[in-house]
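# Structural description and commentary
Listed below, chain by chain, are the residues.
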Amino acid sequence: MDYKKLADMLFPNITKPVSYYEDTVFPKRNLSAGAKVTRLAPSPTGFIHLGNLYGAFVDERLAHQSNGVFILRIEDTDEKRKVEGAVETIISSLAFFDLKFDEGAGIDGETGDYGPYFQSNRAEIYQTVAKHLIEMGRAYPCFCSEEELEKIREQQLAENVNTGYYGKWAVHRDLTLEEVQKHLENNESFVIRFKSMGNPEDNFEIDDAIRGRLSMQVNFQDIVLLKANGIPTYHFAHVVDDHLMKVTHVVRGEEWLSTLPIHYELFTTLGWDLPVYCHTAHLMKIDNGVKRKLSKRKDPELGLEYYMKLGYHPAAVREYLMTILNSNFEEWRIQNPDSNIEDFPFSLDKMSNSGALFDLDKLNDISKNVLAKIPAEEIYDFLLKWAREYKNEIVELLTEYKDSVIKLLSVGRNLDKPRKDLVYCEQIFEFINYFFDDYFEIVDKYPENINEEEAKKILKAYLETYDHNDDQTQWFEKIKVIATENGYAAKPKDFKKNPDMYKGHVGDVSTVIRIAIVGKSSSPDLWEIQQIMGENKVRERVQKLI
């Protein structure tokens, strides 16, 4: 077989050698020793999930911790799965979580010298490599129709053998030049298949940076490299792009482990260095006591939109994901409570290979700790930005009462043990919405020992003695007086010692006042809240409840 003639017959318009792309278009990167090049390569299917973000943080840390390069590549070669607007969703979602790419796809264009970064725009490059494989005698055209392929599958099932295109089932593997020419003259469409040399009885070994040494069955399938439209399959595009973009580490989910033999054979056949493969574990959750994989169908928290709509701060999500990415992160954080997360020495060998357990409650706890360290002004800015995207009806309120909102967010945050009750934007607004008359409502009931008439009596006494100029001590002393004059203990411990002597204690009295002003039985420091609200609003709220 004259493979050069076959290659020219199939690709007459491809004239450049592979070396042109390797050396001229995509030369060796000028990076320092040890620098890693990583890529996030999502498909525009309309759904970007936590697993993408989980892997992206691994990519980002490997690259930026080593002074390397982090790339965003869009794997959009599957026309059937492409969703309108999905690319914009991917890019905006990753931007929301503060992932910074050094080069790659963007909404307003591409950045970097190793593009195009949309695979659909790299057809000529893939065809050049496919032609090269044909010249090597390691790829060939296959003219099988869908009906013929279906018959092959049916026969394989009947004989109880591996399904696929290989061995005696690869009916077009050894066509002569004349036979190929005849198919072409008949205008038959064709795909380009890889001519595998693998024996299904053989294994190969490869090191995975997370899973260690792996022994796997070699690839023996003649997989499709180029589809009939000249666009590559994922397997082929991945190998070509990672080689030409000089990717050193490929981070992807364990569901791709089964494809590793294909990629291994392609890399070795082309004489290219393999990247370091890093197969991450599935994200798991505990469901009714059973550990299972997070599911797109069952678990809304798998989608990134879930966290964006609720308004989780990217720093909180990053902090939490790092706890499940590296087993030693929490210990490091305890020893370095105020250090930047980027100072943490991230390591692949500290990653789990048996399923990373995702816990929403733990994310919320970590979010409280992270937000407690972020200045109130920054939280306000984040809240306003979130509102513009997801809750436009409160933007005007947040803007008009900016100073008051910042003060509300600041209450109790400057103490030795700062308040830790802010989790995400939706919850933060619910936490402070009592300030706005349109959102104010009485949520909680009075203490069980206080009825409506008793409450009115307490509130009237409060209005009579209320002086907005009182400091915190003077203010609380007046509440104690109201309590004792109405039969309540001035101290909770006094009531506990002699419950029959009192109606209740001062805490019950202050709860009635708190409900009148904020609508809830618990809140941050009430005196501070009143100072922010102003005297008129405080009096109006109490009078209205009376």
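Residues numbered from 1 in each chain as written. Predicted model: local features only at pLDDT ≥ 70, side-chain atom pairs only at ≥ 80, totals over all residues. Heavy atoms only, no water.

### Concerning the overall build of the protein
What the protein contains, in helices and strands, is 23 helices and 15 strands. For 546 residues, the compact-globule estimate of 2.2 N^0.38 gives 24 Å, and the C-alpha radius of gyration of the protein, at 33 Å, exceeds that figure by more than 25%. Dimensions of the protein, computed from C-alpha atoms along their principal axes, come out at roughly 110 × 45 × 45 Å. Burial analysis of the protein (546 residues in total) assigns 53% to the buried set. Considering only residue pairs separated by 6 or more positions, the protein has 73% of its internal contacts joining residues 24 or more positions apart. For the protein, the exposed area adds up to about 26800 Å²; of that, 46% sits on carbon and sulfur atoms. Here the protein contributes 68 positive and 90 negative side-chain charges, whose respective centroids are spaced 3 Å apart. (Helix = DSSP H or I, 4+ residues; strand = E, 2+ residues; numbered from the N terminus. Rg over C-alpha atoms; globule rule 2.2 N^0.38 Å. Buried < 20%, exposed > 50% of the residue type's maximum accessible area, 1.4 Å probe, protein only. Contact = heavy atoms within 4.5 Å. Areas by Shrake-Rupley, 256 points an atom, 1.4 Å probe, with all protein chains shown as cover. Lys, Arg positive; Asp, Glu negative; His and termini not counted. Charge placed at Lys NZ, Arg CZ, Asp CG, Glu CD.)

### Description of the side chain of Lys537
Tracing the chain through its elements places Lys537 in helix H23 (residues 535–545). Sequence-distant contacts of Lys537, that is, excluding residues within four places in its chain, are made with Phe435 and Asp437.

### Some words on the pattern of salt bridges
In this structure the tally under the stated criterion is 35 salt bridges. The closest approach of N and O atoms between Asp242 and Arg73, which form a salt bridge, is 2.8 Å. Pair noted here: Asp242 is in helix H8 (residues 234–244) and Arg73 is in the loop between strand E2 (69–72) and helix H4 (86–96), with a separation of 169 residues, a long-range link. The exposure classification of Asp242 matches that of Arg73, with both residues buried. One salt bridge in this structure joins Glu330 and Lys362, with 2.9 Å as the shortest N-O distance. With Glu330 in helix H12 (residues 329–335) and Lys362 in helix H13 (residues 360–372), this pair connects stretches of sequence that are 32 residues apart. (Salt bridge = Lys/Arg side-chain N within 4 Å of Asp/Glu carboxyl O.)

### Considerations on the packing of helix H11 (residues 314–325) against H13
Direction vectors running N to C along H11 and H13 enclose 125°, while the axes themselves pass 9 Å from each other. When the interaxial angle is binned, H11 and H13 end up oblique. Here H11 runs over H13; the crossing is right-handed. Touching Ala315, Ala316, Val317, Glu319, Tyr320 and Thr323 of H11 are Lys362, Leu363, Ile366, Ser367 and Val370, all from H13. Across the contact of H11 with H13, the residue classes tally to seven nonpolar, two polar and two charged. (Axes fitted to C-alpha atoms, helices over the stretch in contact; angles between N-to-C directions. Parallel < 35°, antiparallel > 145°, perpendicular 65-115°, else oblique. Left-handed = near helix turned anticlockwise from the far one by under 90°. Nonpolar A, V, L, I, M, F, W, Y, C, P; charged D, E, K, R; others polar.)

### Concerning empty space enclosed by the protein
Any space left empty among the atoms is revealed by the rolling of a water-sized probe across them. Summed over the entire model, instances satisfying the criterion amount to one cavity of 30 Å³ or more. Considered as a void within the structure, the largest cavity measures approximately 50 Å³ in volume. Tyr462, Thr465, Tyr466, Asp467, Asp470, Trp475, Lys478, Ile479 and Ile482 together form the lining of the largest cavity. If you list the elements that add at least two residues to the lining of the largest cavity, you get helix H18 (452–465) and helix H19 (472–485). The leading source of residues in the lining of the largest cavity is H19, at four residues. (1 Å grid on protein atoms, 1.4 Å probe; cavity = no way out; pocket = protein on both sides within 12 Å on 5 of 7 lines; lining within 4 Å. Points joined across faces, edges and corners; volume = space filled by probe spheres on them.)

### Focus on the pairing of strand E9 (residues 249–253)
In terms of residue burial, E9 counts as a mostly covered element, since five of its five residues are buried. Relative to strand E10 (residues 276–280), E9 is paired through five bridges, and the arrangement is parallel. Across the sheet, the residue bridging to His249 is Val276, located in E10. A crossover links E9 with its parallel partner E10, the connecting element being helix H9 (residues 260–270), and its sense is right-handed. (Pairing = 2+ DSSP bridges. Right-handed = clockwise from strand over helix to strand, strands pointing away.)

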